[in-house]
Amino acid sequence: MSFINYSSREINCKIVYYGPGLCGKTTNLQYIYNRTSPTAKGKMISLATETERTLFFDFLPLSLGEIRGFKTRFHLYTVPGQVFYDASRKLILKGVDGVVFVADSQIERMEANLESLENLRYNLQEQGYDLDKIPYVIQYNKRDLPNVASVEELKSLLNPSDVVPDFEASAPNGMGVFDTLKAVAKLVLTELKRGR
Amino acid sequence: MADPQLVMYEEEFVQIQQVCDKLIRDANALVVFIVDKNGQLIATSGDYEHLDTTSLASLTAGNIAATGGMAKLLKENEFATQFHEGEKQNIHIQIVGQRVILVVIFDERSSLGLVRLRVRKANEHLNDIFESLLRKVQDPSIGNSPFAEITDEDIDNLFND
Ligand SMILES: Nc1nc2c(ncn2[C@@H]2O[C@H](COP(=O)(O)OP(=O)(O)OP(=O)(O)O)[C@@H](O)[C@H]2O)c(=O)[nH]1
Ligand SMILES: [Mg+2]
């Protein structure tokens, strides 16, 4: 949940990247980190295993500029995608303002995508959030690989009503990464405007 | 939504800052900061220029969240206090009013006993301040979010550079 600070004239929002193991959540944040000017970002923190799998979370603070004299800051988090880290995923969803679901486009990962999306919906519900009502975008990642499902297939599986903004991406080379971030940030700010 | 929106006003901010400044002196500590449970930094006091307080805030919240998860599994309400002892510096972490976290960093010029004592006092003050802040936030007669007025254009402009 966003934090409005009248004293320092700042607004802070929390965005969480969710998705199955190895789908590319950490890679999204790394790309954003590498392509953001030093004045607009803080340090990126990764709590990871020795094999670079996310253990608890990645964290990247970004500042986007000012709206009406308020500095807008976004705190980006990733969850650990591996199934058995569910307790940690729940903790990271606390206070979330916007969610990016990163799907792995490879055909053999369809089951994992579906499972993770159901897990997201369930864990949000536990905290009193409804995935259909909060700022939410989908990213179909790994489009550069040969063994991928078509976007139509992915859509019919993960975005059947087609109301969620979705983006094709290839996170290591940045395709779609900032489009995804901007889309969710916009939704979050629009939600703030409504004052919930 | 799950929790009421967290808002900080100038009046309460000044009070919170005063509590932190006093705690630094009374506890002979190096740094004091206050973080909300979601990792947003609320106030900082002491010699923190060389510290990455944003990262510390997020890690503190992660730490408290993880410990809170452990507490739940043990059917405990929460572990309200934590202490980490280093070679040169120590960290004392205290949950205040179930909503925010008070962190004190100190070295050999202070002691755990002194820090505990002073934190207890500060905890009471902070509790009162945050309670009145919460009441204010939930009071519908107090002005709306400044973001009620922003336009789609304002939002677009953020992304145009
Ligand atoms: N070819 C290709 N590889 C990718 C893409 N995105 C991520 N990868 C690779 O996939 C592997 C896993 O990426 P991570 O970003 O660590 O995955 P993650 O989602 O954070 O995984 P967990 O932390 O376990 O949940 C890395 O080797 C990445 O380089 C992509 O779009 N295309
Ligand atoms: Mg990861």
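The structure under discussion appears in the preceding block.
Residues numbered from 1 in each chain as written. Chains lettered and ligands numbered in written order. Predicted model: local features only at pLDDT ≥ 70, side-chain atom pairs only at ≥ 80, totals over all residues. Heavy atoms only, no water.

## Here we look at the overall build of chain A
Then comes step 1: Scanning chain A from terminus to terminus reveals five helices and eight strands.
Then comes step 2: Reading the secondary structure of chain A in the N-to-C direction produces β-β-α-β-β-β-α-β-α-β-α-β-α.
Then comes step 3: Against the compact-globule benchmark of 16 Å for 196 residues, chain A has a radius of gyration of 16 Å, which places it among compact chains.
Then comes step 4: With the principal axes as the frame, chain A shows a C-alpha extent of 50 × 35 × 30 Å.
Then comes step 5: Relative to its full complement of 196 residues, chain A shows a buried share of 58%.
Then comes step 6: Considering only contacts within chain A whose residues lie at least 6 apart along the sequence, 68% involve residues at least 24 apart.
Then comes step 7: In the structure as shown, chain A presents an accessible area of about 8,200 Å², 52% of it carried by carbon and sulfur atoms.
Then comes step 8: Side chains of chain A give 24 positive and 23 negative charges; the mean places of these two sets differ by 9 Å. (Helix = DSSP H or I, 4+ residues; strand = E, 2+ residues; numbered from the N terminus. Rg over C-alpha atoms; globule rule 2.2 N^0.38 Å. Buried < 20%, exposed > 50% of the residue type's maximum accessible area, 1.4 Å probe, protein only. Contact = heavy atoms within 4.5 Å. Areas by Shrake-Rupley, 256 points an atom, 1.4 Å probe, with all protein chains shown as cover. Lys, Arg positive; Asp, Glu negative; His and termini not counted. Charge placed at Lys NZ, Arg CZ, Asp CG, Glu CD.)

## Re the site of ligand 1
Residue and element names in this part refer to chain A.
Then comes step 1: Within the structure, ligand 1 sits among 19 residues, and K25, T27, R53, G81 and D144 are positioned closest to it.
Then comes step 2: In this structure, an oxygen atom belonging to ligand 1 sits 2.7 Å away from a main-chain N or O atom of G81.
Then comes step 3: Here an oxygen atom of ligand 1 sits 3.0 Å away from a polar atom, N or O, in the side chain of N141.
Then comes step 4: Computed on the free molecule, ligand 1 has an accessible area of 650 Å², of which 79% lies beneath the protein chains in the complex.
Then comes step 5: For the shell around ligand 1, the element with the most residues is helix α1 (residues 25-34), which contributes three residues.
Then comes step 6: Looking at side-chain class alone, the shell around ligand 1 contains seven nonpolar, eight polar and four charged residues. (Near = heavy atom within 4 Å. Polar contact = N/O pair within 3.5 Å; in protein donor to acceptor, adjacent residues only side chain to side chain. Nonpolar A, V, L, I, M, F, W, Y, C, P; charged D, E, K, R; others polar.)

## Points about the layout of surface pockets
Then comes step 1: For the largest pocket, the calculated volume is near 1,100 Å³.
Then comes step 2: Looking at the largest pocket, it is lined by 40 residues, and the ones nearest its centre are L91(A), K94(A), A65(B), G68(B) and G69(B).
Then comes step 3: Of all the secondary structure elements, the ones that give two or more residues to the lining of the largest pocket are β4 (54-67) and α2 (86-93) of chain A together with α2 (53-73) of chain B.
Then comes step 4: Tallying contributions element by element places α2(B) first for the lining of the largest pocket, with twelve residues.
Then comes step 5: Residue composition of the lining of the largest pocket, by class: 18 nonpolar, twelve polar and ten charged. (1 Å grid on protein atoms, 1.4 Å probe; cavity = no way out; pocket = protein on both sides within 12 Å on 5 of 7 lines; lining within 4 Å. Points joined across faces, edges and corners; volume = space filled by probe spheres on them.)

## Let's talk about the packing of aromatic side chains
Between two aromatic rings, the relevant description is the distance of the centres plus the angle of the planes.
Then comes step 1: Tallying each qualifying case throughout the model produces eight aromatic pairs over all chains.
Then comes step 2: Taking the centre distance of 5.0 Å and the plane angle of 10° together, the rings of Y6(A) and Y9(B) count as stacked. With Y6(A) in the loop between β1 (3-5) and β2 (10-18) and Y9(B) in the loop between β1 (6-8) and α1 (10-27), this pair bridges two chains.
Then comes step 3: Note on Y9(B): relative accessible area 15%, which makes it buried. (Phe/Tyr/Trp six-rings, centres within 6.5 Å; stacked < 30°, edge-to-face > 60°.)

## Points about the coordination of the magnesium ion (ligand 2)
Residue and element names in this part refer to chain A.
Then comes step 1: At 2.0 Å from the magnesium ion (ligand 2) lie its protein donor atoms, namely T26 (OG1) and T54 (OG1). Linking T26 in helix α1 with T54 in strand β4, this pair joins segments that are 28 residues apart in sequence. Both residues of the pair, T26 and T54, count as buried. (Donors = N, O, S within 2.8 Å, 3.2 Å for Na, K, Ca; no water.)

## Side note on unusual backbone geometry
Then comes step 1: In this structure, E52(A) takes a positive phi of about 65° despite not being glycine.
Then comes step 2: Along the polypeptide, E52(A) turns up in the loop between β3 (45-48) and β4.
Then comes step 3: A residue is classified by how much of its surface remains accessible, and E52(A), at 68% relative accessible area, is exposed.
Then comes step 4: Residues other than glycine seldom take positive phi values, yet N28(B) does so here, at roughly 55°.
Then comes step 5: As for its placement among the helices and strands, N28(B) is situated in the loop between α1 and β2 (31-36).

## Focus: the sheet that holds β2(B)
All names here are of chain B.
Then comes step 1: With antiparallel pairing, the five strands of this open sheet are ordered in space as β3-β2-β6-β5-β4. Two strands in the sheet have a free side with no partner beyond their single neighbour: β3 (41-46) and β4 (81-85). Across this sheet, the average inter-strand angle for adjacent strands is 15°, counted without regard to direction.
Then comes step 2: Helix α3 (residues 112-138) rests against β2, β3, β4, β5 (90-96) and β6 (100-106) of the sheet, and its axis sits at about 30° to β5. (Pairing = 2+ DSSP bridges. Axes fitted to C-alpha atoms, helices over the stretch in contact; angles between N-to-C directions.)

## Some words on the interface of chain B and chain A
Then comes step 1: Every contact between the two is made by 39 residues of chain B and, on the other side, 41 residues of chain A.
Then comes step 2: Counting each side, the surface lost to burial between chain B and chain A is near 3,700 Å², with a carbon and sulfur contribution of 65%.
Then comes step 3: For chain B, the biggest contributors to the area lost against chain A are F147(B), L158(B) and F159(B); these three give 20% of the whole.
Then comes step 4: Between chain B and chain A we count one salt bridge in total.
Then comes step 5: Taking the shortest distance from any N to any O, the salt bridge between R68(A) and D154(B) comes out at 3.1 Å.
Then comes step 6: There are six residue pairs in polar contact (both at pLDDT 80 or more) connecting chain B and chain A.
Then comes step 7: Elements represented by at least two residues in the side of chain B that touches chain A include exactly β1, α1, β3, α2 and α4 (152-158) of chain B. (Buried area = accessible area lost by both parts, 1.4 Å probe. Salt bridge = Lys/Arg side-chain N within 4 Å of Asp/Glu carboxyl O.)

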